[in-house]
Structures are given as structure tokens and as C-alpha cells.
Amino acid sequence: MFKSSVSAIRYALQNIRTNFFHTLLSVLGIVIGVSALIVILSMIDGLEKYAQDQISTTTSVKVVEMSSVTVETIDGIRIRKQQPAILTADIHNLLLDSLPVPVTTYRVSEVAKEITVNNETAGSVVYYADPDHPYNLTVDYGTHFFDADSALTNSRVAVIDTMLANRFTGGSFQPDEVIGRVFRMDDQEFEVTGITAGYAPGPEMFVSLAHLAGERLWDNPPFIAFQAENIADVPVIKESLEEWLETSEFTEDDFRILSQDFRVNQALQGFQLFRIIMGLIVGLSVLVGGIGVMNVLLISVTQRTKEIGVRKAVGSRKKDIYVQFLSESIVISLFGTVVGIVIGILVALAVVPIVHQIIEAQFRPAFSFLTIGLITLFSLLIGILFGTFPAYKASQLEPIDALRRE
């Protein structure tokens with residue numbers, strides 16, 4: 001069986017080589033359809049990647065948060081808890097161990113504070129962050145307050161943004177004059193060790209979570225953020241956190257888990273629906289190409305009737321004739337697929353500069369081996385589907401009738 005299949009494929013390749021131009025015209029529909037599929041699906045994959053990058057930088061759609069429940073309802077009245085459950089560093093590590101997917105995580109408490117700079121009162125949003133899992137912060141000048149020495153000694157140091165740094169120098173931003181300066185917060189002095197060029201609408205600063213203790217900690221309990229690498233991992237993270245909460249000593253009255261499920265599902269379903277619809281529409285052209293291959297093979301059966309008769313007369317079985325024509329259909333379909341894939345990739349790459357001329361966006365098509373593999377498999381099925389009838393018709397010819405035809 002294997003030897004006969006190899007011989008049939010070799011014979012099919014010989015026929016394609018002999019009638020190359022005729023074969024190329026017969027698979028033109030497949031070439032166009034596969035090229036269109038490659039262009040459309042690569043553009044959709046690129047658009048999905050671009051949208052995910054935009055979502056991750058502009059929203060928290062890839063973030064799952066666990067926070068303390070700070071209020072309870074008694075007789076229909078919402079009352080603030082005096083001592084809510086606190087998400088400690090140990091709990092944070094336990095949660096990380098329960099997650100089956102990689103994440104970027106941090107524990108932080110966000111508090112609006114009044115501070116004193118140059119004997120003047122100023123307002124700032126203060127992020128009390130955990131040194132063990134640092135908040136996503138880039139220090140542009142100076143050093144990070146998460147340095148080992150600072151974390152171990154709980155030194156009262158801080159990283160501030162440029163807006164707050166301007167308050168130290170009277171409006172003219174001079175990093176060297178700000179680093180090392182001292183300000184007061186909660187009747188304590190803090191030293192500026194670094195400056196971040198943030199883009200927040202108001203002044204911000206970052207200090208160690210160790211400085212938030214006692215009543216201040218209960219009034220402003222920290223939350224833990226888990227940022228997924230892919231949007232598809234968000235439901236997995238949330239489910240893992242919920243399972244941990246169910247098996248722990250805590251309940252939903254202690255901690256709550258928040259994510260933007262609707263927006264996550266909306267983004268995933270939108271791209272998936274678009275990919276399926278466009279794939280089905282463009283896939284019709286591949287089907288049309290398959291019909292063209294079937295017509296060409298039917299004509300080939302008619303033209304090669306005498307050849308079929310001779311082969312049967314010298315001992316070829318129906319199965320041999322069937323395998324020969326089916327193999328020829330598959331080889332022709334795969335030939336059109338390869339040509340179509342090459343043309344599709346070239347067209348997709350050529351479209352990119354045009355897109356960049358129309359809109360200013362860092363958009364690139366994304367070529368996936370999975371997509372190319374599925375398209376190749378689809379074309380292979382088309383070759384089998386539309387080659388079956390011509391192959392069957394050729395195999396059913398009687399040797400005497402075939403030899404009598406001119």
C-alpha cells in the first residue's frame with residue numbers, strides 16, 4: 001500500500017511537471033483562496049496582538065485583584081469593620097504558589113496623604129508597596145527604595161514623581177537638588193532616594209508597606225494585583241484564587257476577588273468571532289478552487305481514458321487507479337496551498353507600509369504556525385473531497401470500453 005501510494009504521488013508530480021501551466025490555472029482558485037486566508041488571518045492575529053498591547057497599557061483588563069472586605073452589613077446597614085482581614089506577605093506567597101500560570105504581581109495600598117515640603121503643605125497619592133514583590137516602578141533618577149538595605153532596616157525613604165519633585169525646587173526640576181531632601185508625613189521624616197518620570201494627573205510617591213501599620217493598616221488595607229501575560233489567563237487566575245479562598249481559613253466576608261470579566265470575555269469573543277467569520281467567508285474561495293480541481297481531474301479522466309484502459313489491461317487494479325487520481329488531486333491541492341501561502345505572506349508584508357501611511361500605529365501582521373498548519377490541512381481535505389469522485393469514476397472504467405475510446 002505504501003509503495004503504491006509513493007508511486008502514485010511520483011506519477012502525479014510527473015503529470016504536474018508535464019502540464020505545469022494547465023495545473024497552475026486549475027489551482028488558481030486555491031492559490032487565491034489560501035493567499036486571502038493567510039492575509040486576513042495574519043492581519044486579525046496582528047490586530048489582536050496590537051489590541052492586547054493597547055489594553056494592557058491603558059486598562060487593567062489583564063489584572064485580577066484580591067482585596068480586603070472593609071465593610072459588613074448588619075440589619076441592612078453597611079458598617080465599616082474596625083479590624084478587617086489583612087493580606088499579608090505570607091498570604092501573598094501562598095496565593096502565588098496556587099497559580100498555574102505566570103503572573104506579574106505586587107501588594108500595595110493606595111492612600112491620599114497630606115505632606116509637608118519646604119514648610120508648605122502639599123497633597124500626594126502615596127503607594128505603600130511591598131519590597132518582596134515590587135510595584136511596577138521605573139526610577140529615572142537616584143535609587144529605588146526597594147534596595148536591600150532599605151527593606152531590611154525599614155528606613156523612611158521614598159521615591160517621588162517629577163510633579164512632586166518640583167515642589168522641592170520651586171517649580172524648576174533639578175533632580176540633584178531633590179534627591180536626599182527630606183519631607184514630613186504622618187509626623188515622620190522621609191528622605192527622597194529616587195525620582196520617577198511618571199505621567200499621573202497628580203503628585204505621587206512610593207514608600208515601603210512596612211510604614212503602614214496598626215490603625216493606618218486597618219483603615220487602608222493593601223490589595224494584591226495579579227497581572228496575566230495573556231488575556232486568556234485571566235479566568236484561570238481568578239478561578240485559582242477562588243479555589244484557594246474556598247479551602248483556606250478565610251471566607252468571602254474577609255477577601256473579595258475582582259476582575260473585569262466582561263471586558264476580558266468581550267475582547268476574546270470579539271476577536272474569535274471576527275476570525276471565524278472572516279475565515280468562513282474567505283474559505284469559500286478555497287472551496288471554489290476545489291471545484292476547479294475536480295473539474296480539471298474529470299477532464300483528465302476523459303483525456304486519459306485509453307491510458308487507464310492500458311493500465312488495467314496489464315494488471316492494475318481499481319484501487320491502484322483510484323489511489324493514482326486521488327493522489328494527483330491531493331498533490332495539486334498542496335501545490336496550490338504552498339504557492340498561496342508564499343503569496344499571502346508577501347502580500348501581508350507589503351500591506352504593512354500602506355497601513356502605516358494611513359494610521360500611525362505600530363501594527364504588524366502575525367504569522368502563526370498553527371494558522372498555516374490549519375490552512376494546509378483544510379486544503380488537503382479539499383483535495384481529498386473533490387478528488388474522490390474523479391478518482392472513483394476513473395477506477396470504474398472497464399478495460400475494454402476504455403481501450404475502444406479514441
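Scroll up for the structure.
An account of the accompanying structure is given in this report. Computed from a prediction, not measured in an experiment: that's the story for all the values here.

Calculation criteria
Residues numbered from 1 in each chain as written. Predicted model: local features only at pLDDT ≥ 70, side-chain atom pairs only at ≥ 80, totals over all residues. Heavy atoms only, no water. Phe/Tyr/Trp six-rings, centres within 6.5 Å; stacked < 30°, edge-to-face > 60°. Helix = DSSP H or I, 4+ residues; strand = E, 2+ residues; numbered from the N terminus. Buried < 20%, exposed > 50% of the residue type's maximum accessible area, 1.4 Å probe, protein only. Arc of directions from axis to C-beta. Contact = heavy atoms within 4.5 Å. Axes fitted to C-alpha atoms, helices over the stretch in contact; angles between N-to-C directions. Parallel < 35°, antiparallel > 145°, perpendicular 65-115°, else oblique. Left-handed = near helix turned anticlockwise from the far one by under 90°. Nonpolar A, V, L, I, M, F, W, Y, C, P; charged D, E, K, R; others polar. Patch = residues over 30% accessible without salt bridge, like charges linked within 9 Å, V, L, I, M, F, W, Y side chains within 5 Å. Areas by Shrake-Rupley, 256 points an atom, 1.4 Å probe, with all protein chains shown as cover. Salt bridge = Lys/Arg side-chain N within 4 Å of Asp/Glu carboxyl O. Lys, Arg positive; Asp, Glu negative; His and termini not counted. Charge placed at Lys NZ, Arg CZ, Asp CG, Glu CD. Polar contact = N/O pair within 3.5 Å; in protein donor to acceptor, adjacent residues only side chain to side chain. Expected span 1.5 Å × (residues − 1).

## Section: the packing of aromatic side chains
- Within this structure, the stated rule accounts for 5 aromatic pairs.
- Their ring planes at 15° and their centres at 5.1 Å tell us that Y127 and F206 sit as a pair that is stacked. Pair noted here: Y127 is in strand β5 (residues 120–129) and F206 is in strand β10 (residues 204–208), with a separation of 79 residues, a long-range link. For the pair Y127 and F206, a shared accessibility class is recorded, and that class is buried.
- Feature note: the residues F168, F183 and F190 constitute an aromatic cluster, connected by ring pairs.

## Quick notes on helix α4 (residues 89–98)
- Listed in full, the buried residues belonging to α4 are I91, H92 and L95. Angularly, the buried residues of α4 cover 105° about the axis, an arc narrow enough to put them on a single face. Those residues of α4 that are exposed and aimed more than 90 degrees away from the buried face are D90 and D97.
- Packed against the buried residues of α4 are β1 (63–68), β4 (103–117), β11 (223–228), α9 (234–247) and β12 (255–258).

## Quick word on the packing of α4 against α9
- Here α4 crosses α9 at 125°, and the two axes come no closer than 9 Å. As far as their axial angle goes, α9 and α4 are oblique. Between α4 and α9 lies a crossing whose hand is right-handed. Counted together, I91, L94, L95 and S98 of α4 and S240, L241 and W244 of α9 form the full contact between these two elements.
- Looking at the contact of α4 with α9, its residues break down into 5 nonpolar, 2 polar and no charged.

## A short note on a negative patch on the surface
- A cluster of acidic residues, E72, E239, E242, E243, E246, E252 and D253, forms a negative patch at the surface.
- It is α9 that provides the largest number of residues to the negative patch, a total of 4 residues.
- Mapped onto the fold, E72 is located in strand β2 (residues 71–74).
- A relative accessible area of 35% places E72 in the partly exposed class.

## Brief notes about the side chain of D161
- Looking at the element boundaries, D161 is found in strand β7 (residues 157–161).
- For D161, the side chain forms a polar contact with the main-chain nitrogen of E204, separated by 3.1 Å.
- Those residues in contact with D161 that lie beyond four places of it in its chain are I195, T196, G202, P203 and E204.

## Quick notes on α9
- For α9, built from 14 residues, the straight-helix expectation of 20 Å at 1.5 Å per residue is met to within 8% by its first-to-last C-alpha distance of 20 Å.
- By the burial criterion, the buried members of α9 are V234, I237, K238, S240, L241, W244 and L245. End-on view of α9: buried residues confined to an arc of 160°, all on one side of the axis. Across α9 from its buried face, at more than 90 degrees, point the exposed residues E246 and T247.

Functional significance is not addressed by these values, which are geometric in nature.
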